[in-house]
Amino acid sequence: MDNIPKPFPLLHLPRLPLKEVFSMMTPFELINISMASSKSKVIMKCFLKNDKNMKYRLVVKTSKEPKVSLFGSDTCFDYILTSDQSIHNKMDYAIFQDSLKYDILWVYSENLILDWMKLFKTVKELFSCRCSGVIFLPDSFPEQNKAVVDFMKLETAEIDGCLIRGETEDYEDIEYFLNNINVTEHLEIYTKLSDRFQIKRNTPLKGIVIHFGNCLTFNQLLQLDGLDIDIRKSNFTNIELNAFLLSWMASSSHRNLKRIKIPINDFESFETIFDLPHQVIDPKLIRQGKTSDNEIIQLQGGADIKRIDGATGTIYFELENDQMMLIMIVSYLFT
């Protein structure tokens, strides 16, 4: 019995040696120690509060194996909860195209969403970081989506960006998410939407990407409020694209628009799109302008249309993966 090693009383160490030990630990180890007891959590928070090297950006994902990720300057720590007991405490490493190193840890859980919520809250408090991004997968836990959104609303007032991805056409869960979580900059939707889907916002987003644009109605297109809008796989006719441009020219929609990219499905009759006042610009002519957010840009060629407040929409056509795209860049041209 005397040969059995006794647990090392880590938290009984003096402050400086304890700080040195903590500084050598990974976020995984720090998180696990902090979750051992309320005392360890308090001590860990005090240590990390004054450590300028422990600054991370928090991103969470509600996949079937829900994840909490901490992004540092050169490393991302992925803490993944799994129902597969055989991979409990499994660790892996990867380097992707962004040259960021990924350290990955799987931890077994009997209640994935409940433990994910606890982990989310612990990490947020421990590292004093706000949640900057959410990957919301409504198909993963459809019966718990509302609980997940309600929890996130309590934990984070707003997030910078969000990716919503799913197979099921369930616009109500997506609407509930967007109506309760304030996305401030970028929104990407990779799921089919109902014609009843609406995004209600008081301020424009910096970027909106809609992957299944064939589910968008013309009225939904007019309601999208963003500086940069990218719509893919849409079924809008040339007549509807013409109506969209006329609406923009009359300042009836998209007053905050800086750039839009949208498919053209009938390029042979593209003159229908330009059944409005416009001016074709010499393709060799290079001009300068200022966008709505004061970015100075250069424009070469294209075709100009004018908004009633003096803004210019310069239109280009570009082939992208066998799909012809209409691109309009909005600026106030320098004279």
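The structure presented is a predicted model; accordingly, all values stated were derived computationally and were not measured.

Looking at the nonpolar core
Proteins that are soluble and globular tend to have nonpolar side chains buried together.
Link 1 in the chain: Of all hydrophobic cores here, the largest spans 80 residues; its most connected members are Trp 116, Phe 127, Met 152, Phe 177 and Met 328.
Link 2 in the chain: It is helix α4 (residues 112-126) that provides the largest number of residues to this core, a total of eight residues.
Link 3 in the chain: If we skip the residues at most four places from it in the chain, Trp 116 touches Val 60, Lys 61, Thr 62, Pro 66, Lys 67, Val 68, Leu 81, Val 148, Phe 151 and Met 152.
Link 4 in the chain: With ten residues, the next largest nonpolar core counts Phe 71, Ala 94, Tyr 102 and Trp 106 among its residues.

With respect to unusual backbone geometry
Link 1 in the chain: The backbone phi angle of Ser 128 is positive, close to 50 degrees, even though this residue is not glycine.
Link 2 in the chain: Relative to the assigned elements, Ser 128 resides in the loop between α4 and β6 (131-136).
Link 3 in the chain: Given a relative accessible area of 56%, Ser 128 falls into the exposed group.

Digging into the packing of helix α2 (residues 27-34) against helix α3 (residues 38-49)
Link 1 in the chain: One way to put it is that α2 packs onto α3 with a least axis distance of 8 Å and a crossing angle of 140 degrees. In this view, α2 runs oblique relative to α3, as classed from their interaxial angle. For the pair α2 and α3, the contacting residues are Leu 30, Ile 33 and Ser 34 in the first and Ser 40, Lys 41, Met 44 and Leu 48 in the second.
Link 2 in the chain: For the contact of α2 with α3, the per-class residue count stands at four nonpolar, two polar and one charged.

Conventions adopted
- Residues numbered from 1 in each chain as written.
- Predicted model: local features only at pLDDT ≥ 70, side-chain atom pairs only at ≥ 80, totals over all residues.
- Heavy atoms only, no water.
- Core = buried A, V, L, I, M, F, W, Y, C linked by side-chain atoms within 4.5 Å.
- Buried < 20%, exposed > 50% of the residue type's maximum accessible area, 1.4 Å probe, protein only.
- Helix = DSSP H or I, 4+ residues; strand = E, 2+ residues; numbered from the N terminus.
- Contact = heavy atoms within 4.5 Å.
- Axes fitted to C-alpha atoms, helices over the stretch in contact; angles between N-to-C directions.
- Parallel < 35°, antiparallel > 145°, perpendicular 65-115°, else oblique.
- Nonpolar A, V, L, I, M, F, W, Y, C, P; charged D, E, K, R; others polar.

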